[in-house]
Amino acid sequence: MGKIKTVSLHNTKRLVIKVGSALIAPREDGCKTRYLLDIAQFIVHARSQGIDVLLVSSGSVAAGAHHFKNPDRNNIAIKKAMAAAGQMDMMSTWDRFFDFPSAQLLMTHADLRDKERYNSIRLTLFSLLDEGILPIINENDAVTTDDLRVGDNDNLSAMVAAAADADTLVICSDVDGLFDKNPNTHNDAKLIKEVNSITPEIYAMTSGPVSGVGTGGMKTKLEAAEKATSHGIMTYIINGFDETTFSALLQGDNPGTLFTPFDKPMEESQHWMTHTAAEYGELVVESERIDKTDELNCKEILSIQGEFSAGETVLIKNTKGQRLAKASSNYSSCLLHFVTQNTEGVNTSQMQRSMGPIISNNDIAVLEKK
Ligand SMILES: Nc1ncnc2c1ncn2[C@@H]1O[C@H](COP(=O)(O)OP(=O)(O)O)[C@@H](O)[C@H]1O
Ligand SMILES: N[C@@H](CCC(=O)OP(=O)(O)O)C(=O)O
């Protein structure tokens, strides 16, 4: 863990702000500007201070819901249709606030976890920012599926902040920040002003339901903060409903909870491998831990789970189920099954000797034990 430093918005050059559904379509009868004016003014003022701004905006499902009569909320196709029906309302609601152009980017985890598509998204974001265009990003709910989606815009905003090389992430919530317990169910809950390390004890403070129209909850906000701070991104959770929040931020104050960035952030490919790359399979090994230099050979593999091709990312676990590392596999699951089982009539030990390392140690991220 790098030395921790505390910075303020004064040092910010590029900022991602995430706005949840409850702010955009609080009653699910279309988008309302009631809470958005302060956020839009914050974006305008930040840009006037020379800060690049990207907006991750929820609200398409909540904005589209009122077009559906008695919808079955558990029907995923209905929810996706709501998102498609509400996305334009959400975009046009934001666009009306600004006298500069905004751009719609819809993406899924499938886009971000594919290195080529991830880099393509980066270049698109950089091109938009170079032209002073405001990227407005949302998950592509209309086309995504369970295994392709991020699922919440808190985590999406952290992945976007990493992809965009942002130095600040601001996550708007319906409470002032992270409390030592749920403030909506505990009168004695105390606001935590600064978090230097997101530990299991910090996660244990979160509980309770998401806001009426929300998806994420405080847990996904902590997951987002963990992703962002390890990339060197200063992360705030603030109350998006409180208009004083944004002026405080612009003055360099901390109106909510500040998660301080690592002084020595993960380098780009390590961060992508750790926090964004999908796990297409799992290799269970005997050793307690894995080092970055380990190459792993067939004899060390106790079991192979899932189906993956050569070059895809796999999770390496020990027999206790601890997540040791993520790395790209040099061989497909099919070949690894073949050479690790005592296949009759095949000299598997000779095949094993002829094979190179199972994982490439230039594409591995050792996972810190939580
Ligand atoms: N330790 C905690 N600190 C703050 N909020 C918490 C905590 N534990 C649970 N919560 C709940 O998380 C909610 C905020 O997340 P969420 O429901 O996604 O709303 P939003 O998307 O508007 O932020 C709070 O309204 C609160 O009920
Ligand atoms: N992509 C979804 C947002 C999902 C989401 O994370 O919502 P929220 O918890 O309100 O930020 C939509 O536009 O409705």
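Cut-offs applied
Residues numbered from 1 in each chain as written. Chains lettered and ligands numbered in written order. Predicted model: local features only at pLDDT ≥ 70, side-chain atom pairs only at ≥ 80, totals over all residues. Heavy atoms only, no water. Pairing = 2+ DSSP bridges. Helix = DSSP H or I, 4+ residues; strand = E, 2+ residues; numbered from the N terminus. Contact = heavy atoms within 4.5 Å. Axes fitted to C-alpha atoms, helices over the stretch in contact; angles between N-to-C directions. Core = buried A, V, L, I, M, F, W, Y, C linked by side-chain atoms within 4.5 Å. Buried < 20%, exposed > 50% of the residue type's maximum accessible area, 1.4 Å probe, protein only. Parallel < 35°, antiparallel > 145°, perpendicular 65-115°, else oblique. Left-handed = near helix turned anticlockwise from the far one by under 90°. Nonpolar A, V, L, I, M, F, W, Y, C, P; charged D, E, K, R; others polar. UniProt positions renumbered as here; feature names shortened; annotations may be inferred. Polar contact = N/O pair within 3.5 Å; in protein donor to acceptor, adjacent residues only side chain to side chain. Phe/Tyr/Trp six-rings, centres within 6.5 Å; stacked < 30°, edge-to-face > 60°.

Chemist: Quick question: what am I supposed to make of the sheet that holds strand β1 (residues 14-19) here?
Modeler: Within a sheet, neighbouring strands are paired by backbone hydrogen bonds and run either parallel or antiparallel to one another. Taking strand neighbours across the sheet as the criterion, the eight strands line up as β3-β4-β2-β1-β5-β7-β8-β6 in an open arrangement whose pairing is mixed. Of all the strands in the sheet, the pair left with one neighbour each is β3 (102-107) and β6 (194-195). In this structure, β6 lies alongside strand β8 (residues 257-259), joined through two bridges in parallel fashion. Residue pairing in the sheet places V195 in a bridge with F259 of β8. Where helix α9 (residues 218-229) meets the sheet, it contacts β1, β5 (168-173), β7 (234-239) and β8, and its direction lies at approximately 175 degrees from that of β5.

Chemist: Could you clarify how one ought to interpret the nonpolar core in this entry?
Modeler: Note that soluble globular proteins tend to have their nonpolar side chains buried in a common cluster. The biggest cluster of nonpolar side chains holds 46 residues, and the ones touching the most others in it are I137 and V160. Of all elements in the fold, only β2 (52-57), β3, α6 (115-130), α7 (153-163), β5, α8 (200-203), α9 and α11 (268-276) reach the threshold of two or more residues within this core. Top element by residues in this core is α7. It accounts for seven residues.

Chemist: Please clarify how the pairing of β5 should be interpreted in this entry.
Modeler: Note on strand geometry: in a regular strand, side chains alternate between the two faces of the sheet. Here β5 lies mainly inside the structure; six of its six residues are buried. Here β5 shows two buried faces, one formed by T168, V170 and C172 and the other by L169, I171 and S173. Sheet topology places β1 next to β5; four bridges connect them, and they run parallel. What sits directly across from L15, in β5, is T168.

Chemist: What am I meant to see in the sheet that holds strand β10 (residues 301-305) here?
Modeler: In space, the five strands of this open sheet follow the order β10-β9-β11-β12-β13, with mixed pairing throughout. Because the sheet does not close on itself, it has two edges, and the strands there are β10 and β13 (359-366). In this sheet, adjacent strand axes meet at a mean angle of 30 degrees when their direction is disregarded. Sheet analysis places strand β9 (residues 281-285) next to β10, joined by four bridges and oriented antiparallel. Looking across to β10, one finds that V285 is bridged to I301. Each of β11 (313-318), β12 (323-329) and β13 is contacted by α11, which is oriented at about 70 degrees to β13, the strand it contacts most. Together, β9, β10 and β12 form the strand contacts of helix α12 (residues 333-340), whose direction differs from that of β10 by roughly 145 degrees.

Chemist: How do you make sense of the packing of α6 against α11 when you look at a structure like this?
Modeler: In helix packing, the relevant descriptors are the interaxial angle and the interaxial distance, both defined with respect to the helix axes. Two elements in contact, α6 and α11, have axes separated by 12 Å at closest approach and are oriented at 120 degrees. Considering their axes alone, α6 and α11 lie oblique with respect to each other. In terms of crossing hand, the pair formed by α6 and α11 is right-handed. The segment α6 lies against α11, with K115, Y118 and R122 engaging E268, S269 and W272. Here the contact of α6 with α11 is built from residues that sort into two nonpolar, one polar and three charged.

Chemist: Got a minute to help me understand the UniProt feature "binding site: substrate" (unreviewed entry) in the protein chain in this structure?
Modeler: Residues annotated in UniProt with the feature "binding site: substrate" (unreviewed entry) correspond here to S58, D141 and N153. These residues run over 96 residues, yet every pair of their C-alpha atoms falls within 10.9 Å of each other. Relative to the elements of secondary structure, S58 occurs in the loop between β2 and α3 (60-64). Its relative accessible area of 9% is what places S58 among the buried residues. Not counting chain neighbours up to four residues away, the residues in contact with S58 comprise K18, V19, G20, S21, I24, M90, N138 and N153. Its location among the elements puts N153 in helix α7. Those residues in contact with N153 that sit more than four places away from it in its chain are K18, V56, S57, S58, N138 and E139. At 2.9 Å, the side chain of N153 forms a polar contact with the side chain of N138.

Chemist: Even after reading the chapter, I still don't get the side chain of D111, so can you show me in this structure?
Modeler: By the secondary structure assignment, D111 is in helix α5 (residues 109-112). For D111, a relative accessible area of 17% puts it in the buried group. Side-chain polar atoms of D111 contact the backbone nitrogen of T108, separated by 2.7 Å. Not counting residues up to four positions away in its chain, the partners in contact with D111 are R117, Y118 and I121.

Chemist: Would you explain the packing of aromatic side chains in this entry?
Modeler: Any two aromatic rings considered together are summarised by their centre-to-centre distance and by the angle between their planes. Here the structure, examined in full by the defined rule, presents six aromatic pairs. Aromatic side chains W94 and F97 sit 6.3 Å apart centroid to centroid with 55 degrees between the ring planes, which places their arrangement in the tilted category. Accessibility expressed as a relative area gives 0% for W94, which makes it buried. Residues F98 and F100 carry aromatic rings whose centres are separated by 4.7 Å and whose planes lie at 20 degrees to one another, so their mutual orientation is stacked. Accessibility expressed as a relative area gives 12% for F100, which makes it buried.

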